[in-house]
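Chain residues, written in single-letter form:
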Amino acid sequence: MPIWLQATLWGLLGGAALLIGAAIGYFAKVSVRVSSSVMAFGAGVLISALAFDLMEEAFETGGFAATAIGFLAGALVYTGANWILKKQGARHRKRSGEQQVSEAEEEGSGLALAIGALIDGIPESIAIGISMISGSKVSLAVVAAVFLSNVPEGLSSAVGMKKAQRSKAYIFGVWGGIALLSGVAALLGYTVFSGLPAGVIAATTALAAGAILAMITDTMIPEAFEVTHDFTGLITVLGFLTAFVLSHIGV
């Protein structure tokens, strides 16, 4: 199977977790405490993956300067985009409580929510594609981290969307579309960057890591802490440990 197709399929797998989580959140009766706890676990998983896989790979590929520049750039780009989207009604897009606004309350918030969900997921998918440039093997630790973190993201956000009276077509249209775009992003991550210098590849890998870390602290951890409070740290550590084990047992 061509590597570009493998990259696409791995990206689709990671994105499909958002759809799975959304289905669980929409059709099952999931308590806010459970969804927040799973969100904390997912945050820990992603932190471990970006620390031990993405950043390490970026450093080994292009050195410290490219890695540091890319990492900071990723955080700046994500923070800027997130700040704009918050003003358009997407501030609480990962919240499972009553915080999300409806279209009637804030016109244009539906589009902002969709775009916000997109910028949350794309850096992860690009990282999957880039991880395959050095060979035909994908970093299964990164894929597992993306999958394990996307389930609670989709779950929590879908619960909040349902409470804000978003339609079923809107909710599954958003997550289904982002699942497909995740595959496209992974494909682009592999094809676009394959022929570029090592420094550019390293900076882009680190850029994805910086965007992911900014996303975790801006959206995932606040959702988790709001309900789990004193247990947020412990649950996040368990998620971190799970991904750490995965990245050190040959996957």
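Residues numbered from 1 in each chain as written. Predicted model: local features only at pLDDT ≥ 70, side-chain atom pairs only at ≥ 80, totals over all residues. Heavy atoms only, no water.

Within an unreviewed UniProt entry, the label attached to the protein chain reads ZIP family zinc transporter, and the organism entered is Rufibacter sediminis. If you open the UniProt record of the protein chain and go to Sequence similarities (unreviewed entry), you find "Belongs to the ZIP transporter (TC 2.A.5) family." (UniProt positions renumbered as here; feature names shortened; annotations may be inferred.)

Here the focus is the overall build of the protein chain. The secondary structure content of the protein chain amounts to seven helices and zero strands. For the protein chain, the succession of helices and strands along the chain, N to C, is α-α-α-α-α-α-α. Taken over 251 residues, the protein chain has a buried fraction of 49%. Counted over contacts in the protein chain with a minimum sequence separation of 6, partners at least 24 positions apart contribute 85%. Accessible surface for the protein chain amounts to roughly 10800 Å². Of this, 72% is attributable to carbon and sulfur atoms. (Helix = DSSP H or I, 4+ residues; strand = E, 2+ residues; numbered from the N terminus. Buried < 20%, exposed > 50% of the residue type's maximum accessible area, 1.4 Å probe, protein only. Contact = heavy atoms within 4.5 Å. Areas by Shrake-Rupley, 256 points an atom, 1.4 Å probe, with all protein chains shown as cover.)

Turning to the packing of aromatic side chains, a few remarks are in order. The final tally for this structure, using the stated rule, is five aromatic pairs. With a centroid separation of 5.0 Å and 75 degrees between ring planes, the pair formed by Tyr-26 and Phe-27 is classed as edge-to-face. Relative accessible area serves as the criterion here: at 15%, Tyr-26 is assigned to the buried category. By relative accessible area, Phe-27 is classed as exposed at 57%. For the ring pair Tyr-26 and Phe-172, a centre distance of 5.5 Å and an interplane angle of 70 degrees mean the geometry is edge-to-face. In this pair, Tyr-26 sits in helix 1 (residues 3–27) while Phe-172 sits in helix 5 (residues 168–193), placing the two residues 146 residues apart along the sequence. (Phe/Tyr/Trp six-rings, centres within 6.5 Å; stacked < 30°, edge-to-face > 60°.)

It is worth spelling out the nonpolar core at this point. In terms of nonpolar packing, the biggest core is built from 31 residues, with Leu-46, Leu-50, Leu-54, Ile-128, Ile-212, Ile-216 and Met-220 touching the most fellow members. Contributing elements (two or more residues each) for this core: helix 2 (32–90), helix 3 (109–130), helix 4 (140–163) and helix 6 (198–228). The element best represented in this core is helix 6, accounting for 11 residues. With near-sequence residues (within four places) excluded, Ile-212 lies in contact with Leu-46, Leu-50, Leu-54, Pro-123 and Glu-124. Ranked by size, the runner-up nonpolar core spans 10 residues in total, among them Leu-18, Ala-22, Trp-175 and Ile-178. (Core = buried A, V, L, I, M, F, W, Y, C linked by side-chain atoms within 4.5 Å.)

The UniProt feature table records "transmembrane region" (unreviewed entry) at residues 6–27, 34–52, 64–85, 169–190, 196–216 and 228–249. This span, residues 6–27, is 100% helix and 0% strand, and a straight line between its end C-alpha atoms measures 31 Å. Taken end to end, residues 34–52 comprises 100% helix and 0% strand; its first and last C-alpha atoms sit 27 Å apart.

Let us now look at helix 6. Compared with the 45 Å implied by 1.5 Å per residue over 31 residues, the 42 Å span of helix 6 between its first and last C-alpha is a close match. Ile-216 marks the point of greatest bend in helix 6, at about 40 degrees. After helix 6 finishes, the residue His-229 shows a positive phi value of roughly 50 degrees. (Expected span 1.5 Å × (residues − 1). Bend = angle between axes of the 7 residues up to and from the residue.)

On the secondary structure map, Ile-47 appears in helix 2. For the pair Ile-47 and Leu-213, spaced 166 residues apart in sequence, the C-alpha separation works out to 6.8 Å. Ignoring any residue separated from it by four or fewer positions in sequence, one finds Ile-47 in contact with Leu-213, Ile-216 and Phe-240.

Now for the side chain of Thr-67. As for its placement among the helices and strands, Thr-67 is situated in helix 2. The buried category is assigned to Thr-67, whose relative accessible area is 5%. In terms of polar contacts, Thr-67 uses its side chain to reach the backbone amide nitrogen of Phe-59, at 3.3 Å. Those residues in contact with Thr-67 that sit more than four places away from it in its chain are Met-55, Ala-58, Phe-59 and Ala-206. (Polar contact = N/O pair within 3.5 Å; in protein donor to acceptor, adjacent residues only side chain to side chain.)

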